[in-house]
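# Fold and contact review
Below are the chains, spelled out letter by letter.
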Amino acid sequence: MSVIQPTSNHPTHAAVAVVAAQAPLQLIQVPTVAPAAGQVRVEVHWVASSPFDLHQAEGGFFLLAPPQLLGDTATGVVVEAGEEEDSLKIGDEVFCALVPVDKQPAHQEFITVAAHVFGKIPSNTPPQIAATIPSSFITTWHTLTNYLSIPLPFPKPSVYTPPNADAPILIWGAFSSVGQYVVQILKHYGYTNIVVTASKRHHDMLRSFGARETFDYTILEDLERLGDFLNIHAEGVGEGRVKVLDGIGSLEGSMEPLARMVPPGSLVAVLLPVIKKNLEGGVEYLMETQDVVSWKGGVETVGVRTHFYQQDEYLRNNLQPVIMPAMLEQGVIKPNRARVVEGRTFLERAQNALDMLRRKEVSGERLVWRVKET
Ligand SMILES: NC(=O)c1ccc[n+]([C@@H]2O[C@H](COP(=O)([O-])OP(=O)(O)OC[C@H]3O[C@@H](n4cnc5c(N)ncnc54)[C@H](OP(=O)(O)O)[C@@H]3O)[C@@H](O)[C@H]2O)c1
């Protein structure tokens, strides 16, 4: 572990920033903030790069006042604690997803945020593996419980059968980083009719996670079979409804095919932003889900905004500090595969990760990289 210095000796530190859409990333200095009551300062060790970074850096999505720091996932070590903070102590190894309300993106040497944003990394998990988890995990839990109203009582009672356990739940894009956790969490809670789309090469893995039926979204016959499957099973749902997670949010790639096959009355949660290809080959970002495609009668859609999970007081206090480490430690979730991005410097590693996302080299894995060399 590197030597920890008091904040006063480090009034600023290095961070990676977007200065304009599609411009190379830059290294800038930002203030090092001392923790207020209930906050901690963490020296950041490993971070992940995600599609949201690319949406901001490439597409200018929510690039409000550049220079804009990036990164929604960090691991590191607590180096300073504010007053009234006793859940974490100096030296604790922690992992977290950071959402805009935290005002502290991950790709910087130090972050100072509320302690309830962090979970302690279980001792059996290396930090670069822990870095693959938080943002996808909080999206998974928040989406299932708050947008799809799928109960996930925590801790799970020793004997538990969920309501409508055998109603179909469709995960479109189940090998995405979010989709993999969704399947595993649903299986853990006893949902038995988990239906997924993914490229064929991932089907065995998804079945081992808990998927009952697997369909390849690139094969027309599979899509026809999926439509038939949903219609047949929708009749047996009883008081429930068919629930769908679109884990991709692509207008042409996921929402249009879903609109053709999802039975009337279903509930569809779409991970925002919706990505629409424009005629010039670029992308537009939409925040609307209901009227952008023609759903069948009574289909209700909701756009998922994980960035607001802290508005739910229970999730704010429990999701990252309690539930996330427990699910990892108990082996309920198997972390996404981690691909370590190399580079000589902090800036080079950040740029290399972004370029790999831009070239669409990432499938079923998370890009992780070190902020500092040790
Ligand atoms: N609103 C929110 O709260 C929130 C939170 C997290 C993520 N997101 C958004 O959700 C999207 C996915 O994020 P992620 O990190 O999970 O992505 P990811 O892991 O990078 O997704 C890659 C996977 O997507 C699959 N895929 C690509 N196009 C597909 C399609 N048309 N149909 C089905 N599967 C497809 C590929 O699966 P195969 O290998 O099987 O082909 C690939 O493995 C991003 O746009 C991200 O910004 C939103």
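Residues numbered from 1 in each chain as written. Predicted model: local features only at pLDDT ≥ 70, side-chain atom pairs only at ≥ 80, totals over all residues. Heavy atoms only, no water.

Per an unreviewed UniProt entry, the chain carries the name Chaperonin 10-like protein and comes from Pterulicium gracile.

## Considerations on the overall build of the chain
Tallying secondary structure elements over the chain gives nine helices and 18 strands in all. Against the 2.2 N^0.38 benchmark of 21 Å for 374 residues, the chain shows a C-alpha radius of gyration of 21 Å, consistent with a compact globule. Overall, the chain is about 65 × 55 × 35 Å in size when its C-alpha atoms are taken along their principal axes. Each of the 374 residues in the chain was classed as buried or not, and the buried ones make up 54%. (Helix = DSSP H or I, 4+ residues; strand = E, 2+ residues; numbered from the N terminus. Rg over C-alpha atoms; globule rule 2.2 N^0.38 Å. Buried < 20%, exposed > 50% of the residue type's maximum accessible area, 1.4 Å probe, protein only.)

## Here's the deal with a nonpolar patch on the surface
Together, F62, L64 and M287 make up an exposed nonpolar region whose accessible area comes to about 320 Å². Within the secondary structure, M287 is located in the loop between β15 (283-286) and β16 (300-304). A relative accessible area of 33% places M287 in the partly exposed class. (Patch = residues over 30% accessible without salt bridge, like charges linked within 9 Å, V, L, I, M, F, W, Y side chains within 5 Å. Areas by Shrake-Rupley, 256 points an atom, 1.4 Å probe, with all protein chains shown as cover. Salt bridge = Lys/Arg side-chain N within 4 Å of Asp/Glu carboxyl O.)

## What to know about the environment of R337
Along the chain, R337 turns up in strand β17 (residues 337-340). Taking the C-alpha atoms as reference points, R337 and L223, 114 residues apart in sequence, are found 27 Å from one another. Discounting residues that sit within four places of it in the chain, R337 has contacts with T132, S363, G364, E365 and R366. There is a polar contact of 3.3 Å between the side chain of R337 and the side chain of E365. (Contact = heavy atoms within 4.5 Å. Polar contact = N/O pair within 3.5 Å; in protein donor to acceptor, adjacent residues only side chain to side chain.)

## So, the nonpolar core
The biggest cluster of nonpolar side chains holds 46 residues, and the ones touching the most others in it are F137, W141, I171 and I185. Listing elements by their share of this core, those giving two or more residues are β6 (93-97), α3 (134-147), β9 (169-172), α4 (177-188), β10 (194-197), α5 (203-209), β13 (267-271) and α8 (313-329). Per-domain counts for this core show at least three residues from each of domain 1 (7-133 + 335-370) and domain 2 (137-307). Membership of the second largest hydrophobic core comes to 34 residues, among which are L98, I111, F346 and L357. (Core = buried A, V, L, I, M, F, W, Y, C linked by side-chain atoms within 4.5 Å. Domains from an automatic or database assignment.)

## Some points on the pairing of strand β3 (residues 39-49)
Of all eleven residues in β3, nine are buried; the element is thus mostly enclosed. In terms of strand pairing, β3 meets strand β7 (residues 110-114) through five bridges, oriented antiparallel. Within β7, the residue paired with V42 across the bridge is I111. As paired elements, β3 and strand β5 (residues 73-81) share seven bridges and run antiparallel to each other. Opposite V47, over in β5, you have A74 as the bridge partner. Alignment of β3 against strand β18 (residues 365-370), held across four bridges, turns out to be antiparallel. Across the sheet, the residue bridging to V47 is W369, located in β18. (Pairing = 2+ DSSP bridges.)

## Here we look at the side chain of T112
Along the chain, T112 turns up in strand β7. In this structure T112 comes out as buried when scored by relative accessible area, which is 6%. From its side chain, T112 meets the backbone oxygen of V33 in a polar contact 2.6 Å long. Sequence-distant contacts of T112, that is, excluding residues within four places in its chain, are made with V33, A34, P35, Q39, V40, R41 and Q104.

## Details of the packing of α3 against α8
Two numbers describe how α3 lies on α8: the axes approach to 11 Å, and their chain directions differ by 115°. The two elements α3 and α8 cross, and the hand of that crossing is right-handed. Two secondary-structure elements touch here, α3 through P134, F137, I138, W141, H142, T145 and N146 and α8 through L315, L319, Q320, I323, M324 and M327. For the contact of α3 with α8, the residue count by class is nine nonpolar, four polar and no charged. (Axes fitted to C-alpha atoms, helices over the stretch in contact; angles between N-to-C directions. Left-handed = near helix turned anticlockwise from the far one by under 90°. Nonpolar A, V, L, I, M, F, W, Y, C, P; charged D, E, K, R; others polar.)

## Concerning α3
Since there are 3.6 residues in each turn of an α-helix, residues three or four apart along the chain are aligned in direction. The terminal C-alpha atoms of α3 lie 19 Å apart, and with 14 residues this matches the ideal 20 Å at 1.5 Å per residue to within 8%. For α3, the tally of buried residues reaches twelve of 14 residues, placing the bulk of the element in the interior. Regarding α3, the residues found buried are P134, S135, S136, F137, I138, T139, T140, W141, H142, T143, L144 and Y147. Positioned one or two residues after α3, S149 has a phi angle of 50°, which is positive. (Expected span 1.5 Å × (residues − 1).)

## Considering the site of the ligand
Taken together, 25 residues lie around the ligand, and S199, Y217, L272, V304 and T306 are the ones closest in. The contact in question runs from a nitrogen atom of the ligand to an N or O atom on the side chain of W172, over 2.9 Å. Side-chain polar atom of S363 to an oxygen atom of the ligand: 2.8 Å apart, as the coordinates give it. Isolated, the ligand exposes 940 Å² of accessible area, and the fraction of that covered by the protein chains is 84%. Counting only elements with at least two residues in the shell around the ligand, the list comes to α1 (51-57) and α4. Taken together, the residues that form the shell around the ligand break down as eleven nonpolar, twelve polar and two charged. (Near = heavy atom within 4 Å.)

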